[in-house]
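These are the residues of each chain, in order.
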Amino acid sequence: MDPAASQQVTAEQFRLGMRRLSGAVTIVTAAHQGHRFGLTATAVCSATAEPPTALVCVNRSAATHAAIAGSGAFCINILRTDDAELANAFSGTQSGEARFRAGEWLRLASGAPALASALASFDCRVANRLDHGTHTVFLGEVASLVLGRRGKPLLYASGQYARLMPLAHGAPLPEGFDHWVDV
C-alpha cells in the first residue's frame, strides 16, 4: 500500500487543492425577520433541471446560514467580471446591511435580495438540506429566474478573481473538440 495514499488530508491541504478548481463567483442572499443577509460563494451549482433545482453550501457559522434556514429561501446572484469589489464586500470586508450599500438590489417573491446587475438571479425555496461537517448543503427549487444583461462571469481560481477569456480561433483545437464557440 502506498503510504502517501493512507495519510489523512488536512483542512489546509484540502483548501489548497480546491483553490485549483475554478468556480463562478456568486452572492447568495436571504431575508429573514426584516433583515437582509448575504455572502460570497463559489460552492454553488445546478442540481436538477426537473424540477429546476440549485444547491449552495453554506458554513453554519455564517449569519446567512441562519437566515436561509429560518426563511426557507435564498437567491443565487451570478456576478459579472466588474463585480469584484461587491464580491469582496460580501466575503467579509463588510458585514450586515453595509454589504448591500453597493449595487442596486431588488426584492424577489421569496423576500430574498436580487442584484439588479447580476448575470442571473435564481429565487429558490429550500426543498432539502444536508448538514455535513461545518456546512449545510441547501437544495433549492427555483421559483423564479431573473436574467440580467449579458456579460462575462466573474471567476475564482488559484486564490484570486479571474476572467473568462475565449481561446483564439487560430489556435489548434484541443483533442476531442471539432470547432470553436464564441461565448
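If you're wondering where the values come from, they're calculated on a predicted model, not measured in any experiment. (Residues numbered from 1 in each chain as written. Predicted model: local features only at pLDDT ≥ 70, side-chain atom pairs only at ≥ 80, totals over all residues. Heavy atoms only, no water.)

## Quick notes on the sheet that holds strand β9 (residues 120-132)
Two pairing modes exist for strands in a sheet, parallel and antiparallel, and in both the strands are linked by backbone hydrogen bonds. So the rule is basically this: By the convention used here, strands pair only if DSSP detects at least 2 bridges between them. Runs of E in the DSSP output that reach at least two residues are strands. Runs of H or I that reach at least four are helices, and both are numbered from the N terminus. Fitted lines through C-alpha atoms serve as axes, helices being fitted only where they are in contact, and the angles separating the N-to-C directions of these axes extend from 0 to 180 degrees. Residue contacts are defined here by distance: any two heavy atoms, one from each residue, within 4.5 Å place the two residues in contact.
As summarised here, the arrangement of the 7 strands in space is β3-β2-β6-β9-β10-β5-β4, forming an open sheet in which the pairing is antiparallel. The sheet is open, and its two edges are formed by β3 (35-41) and β4 (44-49), each paired on a single side. Neighbour to neighbour, the strand axes of the sheet diverge by 35° on average, direction disregarded. Sitting on the sheet, helix α3 (residues 63-71) is in contact with β2 (26-32), β3, β5 (52-59), β6 (73-78), β9 and β10 (135-147), with an inclination near 55° to β2. Sitting on the sheet, helix α4 (residues 84-93) touches β2 and β3, and the angle it makes with β3 is about 110°.

## Topic: the packing of aromatic side chains
Given two aromatic rings, their pairing is described by the distance between the two centres and the angle made by the two planes. In plain terms, the rule: Note on aromatic pairs: the rings of Phe, Tyr and Trp (six-membered ring only in Trp) are paired at centre separations within 6.5 Å, and the planes decide the class, stacked below 30 degrees, edge-to-face beyond 60, tilted for the rest. Burial status follows relative accessibility: with a 1.4 Å probe on protein chains alone, a residue under 20% of its type maximum counts as buried, one over 50% as exposed, and anything between as partly exposed.
Going through the model one piece at a time under the given rule, you end up with 4 aromatic pairs. Judged by centre distance (5.5 Å) and plane angle (45°), the rings of Phe90 and Trp105 are tilted. Residue Phe90 is located in helix α4, and its partner Trp105 is located in strand β7 (residues 105-107); the two are separated by 15 residues in the primary sequence. Judged on exposure class, the residue Phe90 and its partner Trp105 are both buried.

## As for the environment of Val44
Structurally, Val44 is set in strand β4. The sequence separation of Val44 and Leu55 amounts to 11 residues, and the corresponding C-alpha distance is 5.7 Å. The residues contacting Val44, other than those within four sequence positions of it, are Thr26, Val28, Leu55, Val56 and Ile76.

## Quick notes on the state of the cysteines
Keep this limit in mind: Working definition: a disulfide is two cysteine sulfur atoms within 2.5 Å of each other.
If you walk through the whole model with that rule in mind, you get 0 disulfides. Cysteine Cys45 is unpaired, with the sulfur of Cys57 as its nearest cysteine sulfur at 7.2 Å. Taking relative accessible area as the criterion, Cys45 reaches 38% and is therefore assigned partly exposed. Cys75 supplies the cysteine sulfur nearest to Cys124, a cysteine that is in no disulfide, at a spacing of 7.1 Å. Cys124 gets classed as buried once you look at its relative accessible area, which sits at 0%.

## Some remarks on the sheet that holds strand β11 (residues 154-157)
Taken together, the 3 strands give an open sheet; going across it, the order is β1-β11-β12, and neighbouring strands pair in antiparallel fashion. The open sheet has two edge strands with one neighbour each: β1 (23-24) and β12 (160-163). Of the strand pairs in this sheet, β11 and β12 are connected by 4 bridges, and their pairing is antiparallel. If you follow Tyr156 over to β12, its bridge partner there is Tyr161.

## Observations concerning α4
Cut-off, in case you're wondering: Of all possible arcs, the one meant is that of the directions from the helix axis to the C-beta atoms.
For α4, every residue scored as buried is listed here: Leu86, Ala87, Ala89 and Phe90. Projected down its long axis, α4 carries its buried residues within an arc of 160°, all on one side. Seen from the buried face of α4, the exposed residues on the opposite side, beyond 90 degrees, are Glu85 and Thr93. Looking at the buried residues of α4, the elements they touch are β2, β3, β7, β8 (113-115), β11 and β12.

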